[in-house]
Amino acid sequence: MQYRPFGKLDFQVSALGFGAMRLPSKSADYTDIDEAQALEMIHYAIDHGVNYLDTAYGYHGGKSEILVGKALKGGYRQKVKVATKLPTWLVNAAPDMDRYLDEQLRKLDTEHIDFYLFHDLNKDRWAKLERLEALNWAEKAIQKGKIGHIGFSFHDDRETFKKIIDAYPWTFCQIQYNYLDIDHQAGQFGLQYAAQKGIAVVIMEPLRGGRLANPPEEVQKIFDEAPVKRSPVAWALLWLWNQKEVAVVLSGMSNLQQVKENIEIASSSGVGLLSPEELKIIERAREAFERLPSINCNACKYCLPCPNGVNISRNFELYNDAFQKIAFEDARRKYLALPEEERASSCLGCGDCEDLCPQELPIPELLEKVARAFEE
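What counts, and where the lines are drawn
Residues numbered from 1 in each chain as written. Predicted model: local features only at pLDDT ≥ 70, side-chain atom pairs only at ≥ 80, totals over all residues. Heavy atoms only, no water. Axes fitted to C-alpha atoms, helices over the stretch in contact; angles between N-to-C directions. Helix = DSSP H or I, 4+ residues; strand = E, 2+ residues; numbered from the N terminus. Parallel < 35°, antiparallel > 145°, perpendicular 65-115°, else oblique. Left-handed = near helix turned anticlockwise from the far one by under 90°. Contact = heavy atoms within 4.5 Å. Nonpolar A, V, L, I, M, F, W, Y, C, P; charged D, E, K, R; others polar. Core = buried A, V, L, I, M, F, W, Y, C linked by side-chain atoms within 4.5 Å. Buried < 20%, exposed > 50% of the residue type's maximum accessible area, 1.4 Å probe, protein only. Lys, Arg positive; Asp, Glu negative; His and termini not counted. Salt bridge = Lys/Arg side-chain N within 4 Å of Asp/Glu carboxyl O. Polar contact = N/O pair within 3.5 Å; in protein donor to acceptor, adjacent residues only side chain to side chain. Right-handed = clockwise from strand over helix to strand, strands pointing away. Pairing = 2+ DSSP bridges. Disulfide = S-S within 2.5 Å.

S.K.: Where do I start with the packing of helix α1 (residues 35–47) against helix α2 (residues 64–71) in this structure?
M.R.: Two measures define how a pair of helices packs: the angle their axes make with one another and the distance between the axes. α2 packs onto α1 with a crossing angle of 60° between their chain directions and a minimal axis gap of 10 Å. In this view, α1 runs oblique relative to α2, as classed from their interaxial angle. Between α1 and α2 lies a crossing whose hand is right-handed. Counted together, E35, A38, L39, I42 and H43 of α1 and L67, K70 and A71 of α2 form the full contact between these two elements. Among the residues making up the contact of α1 with α2, the classes are represented as five nonpolar, one polar and two charged.

S.K.: Could you clarify how one ought to interpret the nonpolar core in this entry?
M.R.: A general feature of soluble globular proteins is that nonpolar side chains tend to end up buried together. Membership of the largest hydrophobic core comes to 92 residues, with the highest contact counts inside it found for F18, F118, F152, W170, Y179 and W241. With nine residues, the single largest contributor to this core is helix α9 (residues 232–241). Residues in contact with F18, not counting those within four places in the same chain, are L23, M41, I42, A45, V50, Y52, L53, D54, L250, S251, M253 and V259.

S.K.: Just checking my understanding: could you explain the packing of α9 against helix α10 (residues 256–267) for this structure?
M.R.: At their nearest, the axes of α9 and α10 sit 10 Å apart, and the two run at 45° to each other. If you check the angle between α9 and α10, you find them oblique. α10 is crossed by α9, and the crossing has right-handed handedness. Residue-level contacts link V233, A234, L237, L238 and W241 of α9 to E261, N262, I265 and A266 of α10.

S.K.: Can you help me understand the side chain of R4 in this one?
M.R.: In this fold, R4 is placed in strand β1 (residues 3–5). Buried charge R4 goes without a salt bridge, the closest partner of opposite sign being E245 at 7.1 Å. Separated by 2.8 Å, the side chain of R4 and the backbone oxygen of Q243 make a polar contact. A polar atom in the side chain of R4 sits 2.8 Å from the backbone oxygen of V246. With residues near it in sequence (within four places) discarded, R4 still touches F11, Q12, V13, A15, W241, Q243, K244, V246, A247 and V271.

S.K.: Teacher, can you tell me more about the pairing of strand β9 (residues 200–204) here?
M.R.: Two faces, one strand: in a regular strand the side chains alternate between the faces of the sheet. β9 sits mainly inside the fold: five of its five residues count as buried. The side-chain alternation of β9 yields two buried faces, one formed by A200, V202 and M204 and the other by V201 and I203. Considered for its hand, the β-α-β crossover made up of strand β8 (residues 172–176), helix α7 (residues 187–196) and β9 is right-handed. Across three bridges, the pairing between β9 and strand β10 (residues 246–251) is parallel. Bridging across to β10, V201 finds its partner in V246.

S.K.: Teacher, can you tell me more about the side chain of E278 here?
M.R.: With respect to the element layout, E278 can be found in helix α11 (residues 276–290). For E278, the side chain forms a polar contact with the main-chain nitrogen of S275, separated by 2.7 Å. Not counting the four nearest positions on each side in its chain, E278 is found in contact with V228, R230, W235 and L273.

S.K.: Help me understand the state of the cysteines in this model?
M.R.: Disulfides are covalent bonds that connect the sulfur atoms of two cysteines. The full count for this structure, using the stated rule, is zero disulfides. Not part of a disulfide, C306 finds its nearest cysteine sulfur in C350, a span of 6.1 Å. The class of C306 is buried, set by a relative accessible area of 17%. Lacking any disulfide linkage, C353 is separated from the closest cysteine sulfur, that of C350, by 5.9 Å. The class of C353 is buried, set by a relative accessible area of 9%.

As structure tokens, this is what we get:
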């Protein structure tokens, strides 16, 4: 495993961090975690050098933190730094912050959380936290020994990101970043702006919800024709680790093979590893992606469960398969095989999901688009 500086802290973080948002499930219900498989994956990662473990209050319907707490038994707690997040959308009064933090400490079965984030900040949630004096609250939690360092995860525009970064001497921040998202949300500007202030930058969605791992044929052809033979996953991850501003890349892995593959790639990573010619290959892949129609859903499932039972992320996944992979009939067949209530056409347009979407997608409008594509 390769290790990298974590901002100004005297801590070398593993290049790869374990994100506990896409753990394996025993059924189609994402809250039904396959505990035995998930524990095996986390323990394998830690045994092979991963020392940063990331979860959150809402992951897997609230069950991710419990699973992570179990994974930390047997001496594993001392081998890793644990990060989890305050559910900012649920915080409406100052006492809520204490209540959620204490609940998370119980679920993780630990007395101390190393890295604590204000989850999914945008301009509105940041304004709310400012009114509630959340930074003062967090500093008191540090004094009490409940958390070690304060950070935030982010989904909004670069102006909002800069405003939040400049508001406090943060230890770290977490941004969505990959070779498609250089100008999206915080993007490359945010990565460099935070890093120049000595703030450790944690990368989420390095594979864009898996889309970069299984790219369209047009993109795959570019990689196949490259002089250096790498998997799409390796191209995407090495592009991130090529940049000195990146502290750690989180991967939401769903099976042991993915863990092994990512650890192998991380072990051969490094700053400045890719040649100018290889960076041009990535640029061509980006341009090919951008020419194809898509819905920019990362399958984070924050929008679920839908009050009417619509499987929002699955609908968007099938739409992308249909138009990015030129596999319309196969995607349409899979769409029509969904239970009727899970199809896009069952959306009632309530809009509850839009408030929860980190990508700020107009979900009801996009579901209507999916329904038209597959049902008309």
